[in-house]
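Summary of structural features
This is what each chain is made of:
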Amino acid sequence: AIVEIMIEWNRLAFDQLGDLIDIVAFGDDIGQQDRPVCSVPLYRKLIRPYQERIVESIRSQTRARILYHTCGSVYRYMEDFIDIGIDAINPVQVTARNMEPERLKREFGGRIAFWGGIDSQHVLPHGSPSEVRAEVRRMFDIMGPGGGYVLSAVHNIQPDVPPDNILAMFEA
């Protein structure tokens, strides 16, 4: 039922906005901090078919890029995301198991874009502005070459992040 609602909601938006849409985002959280929510075979049986329907529906109505949101450790699903036609993944939760940016870029760069990567669990709330700037440079050095990277905080910036660290991230 949720997939049907999403498909209809997207259809209504595409009818009104047409080619003005650059990115269509959808998502759910199928990763935890230390592992995916289920095995790859179970994902392919219970989750992927619905994701495929959503992606096919979007592709049939627009040329917009598809951004998929899922938190956590989703390394094991990355080939599936690429296979069904997802263009970008958000966030790149660098503190989750197997989500090291070097590994993701090496194995999947050029086939899927990465959106996120500035650690919102430790660096942004607890680091100094110079540590935040260093993390921004590090992520650009790893994820930036060849394109396919949108720098942002891993998650929404929370109230415990000092304003100086937010400025440092954007200035860097």
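Residues numbered from 1 in each chain as written. Predicted model: local features only at pLDDT ≥ 70, side-chain atom pairs only at ≥ 80, totals over all residues. Heavy atoms only, no water.

Topic: the layout of surface pockets
The calculated volume of the largest pocket comes to roughly 220 Å³. Ile2, Val3, Asp28, Tyr50 and Ile54 are, among the 14 residues lining the largest pocket, the residues nearest its centre. Counting residues per element, the ones that place at least two in the lining of the largest pocket are helix H1 (2-17), strand E1 (23-27) and helix H3 (48-59). (1 Å grid on protein atoms, 1.4 Å probe; cavity = no way out; pocket = protein on both sides within 12 Å on 5 of 7 lines; lining within 4 Å. Points joined across faces, edges and corners; volume = space filled by probe spheres on them. Helix = DSSP H or I, 4+ residues; strand = E, 2+ residues; numbered from the N terminus.)

Digging into the packing of helix H5 (residues 101-108) against helix H7 (residues 129-143)
One can describe the packing of H5 onto H7 by two numbers: an axis separation of 9 Å at closest approach and a directional angle of 20 degrees. On the basis of their axis angle, the class for H5 and H7 is roughly parallel. Where H5 crosses over H7, the handedness of that crossing is right-handed. From H5, Pro101, Glu102 and Lys105 reach across to H7, where they touch Arg138, Met139, Ile142 and Met143. The residue makeup of the contact of H5 with H7, split by class, is four nonpolar, no polar and three charged. (Axes fitted to C-alpha atoms, helices over the stretch in contact; angles between N-to-C directions. Parallel < 35°, antiparallel > 145°, perpendicular 65-115°, else oblique. Left-handed = near helix turned anticlockwise from the far one by under 90°. Contact = heavy atoms within 4.5 Å. Nonpolar A, V, L, I, M, F, W, Y, C, P; charged D, E, K, R; others polar.)

A few points about the packing of aromatic side chains
As enumerated under the stated definition, the model contains seven aromatic pairs in all. Considering the side-chain rings of Phe26 and Tyr68, the 5.0 Å spacing of their centres and the 55 degrees angle between planes classify their relative orientation as tilted. With a gap of 42 residues between them, Phe26 in strand E1 and Tyr68 in strand E2 (residues 65-69) connect regions that are remote in the sequence. By relative accessible area, Tyr68 is classed as buried at 0%. A ring pair is formed by Tyr43 and Tyr77, whose centres lie 4.4 Å apart and whose planes are at 20 degrees; its orientation type is stacked. Of this pair, Tyr43 sits in helix H2 (residues 40-46) while Tyr77 sits in the loop between E2 and helix H4 (78-84), placing them 34 residues apart in sequence. Take Tyr43 and Tyr77: they sit in the same class, and that class is buried. An aromatic cluster of at least three residues, connected via ring pairs, comprises Phe26, Tyr43, Tyr68, Tyr77 and Phe81. Between the NZ or CZ atom of Arg103 and the centre of the ring of Tyr75, over which it lies, the distance is 3.8 Å. (Phe/Tyr/Trp six-rings, centres within 6.5 Å; stacked < 30°, edge-to-face > 60°. Buried < 20%, exposed > 50% of the residue type's maximum accessible area, 1.4 Å probe, protein only. Lys NZ or Arg CZ within 6 Å of the ring centre and 35° of its normal.)

Observations regarding the pattern of salt bridges
Using the criterion set out here, one finds 16 salt bridges in the structure. In this structure, Glu8 and Arg11 form a salt bridge, with 2.5 Å as the shortest nitrogen-oxygen distance. On the criterion of helical spacing, the pair formed by Glu8 and Arg11 is a turn pair, its members being three residues apart in helix H1. By relative accessible area, which is 31% here, Arg11 ends up partly exposed. Glu135 is the partner of Arg138 in a salt bridge, and the nearest nitrogen-oxygen pair spans 2.9 Å. On the criterion of helical spacing, the pair formed by Arg138 and Glu135 is a turn pair, its members being three residues apart in helix H7. (Salt bridge = Lys/Arg side-chain N within 4 Å of Asp/Glu carboxyl O.)

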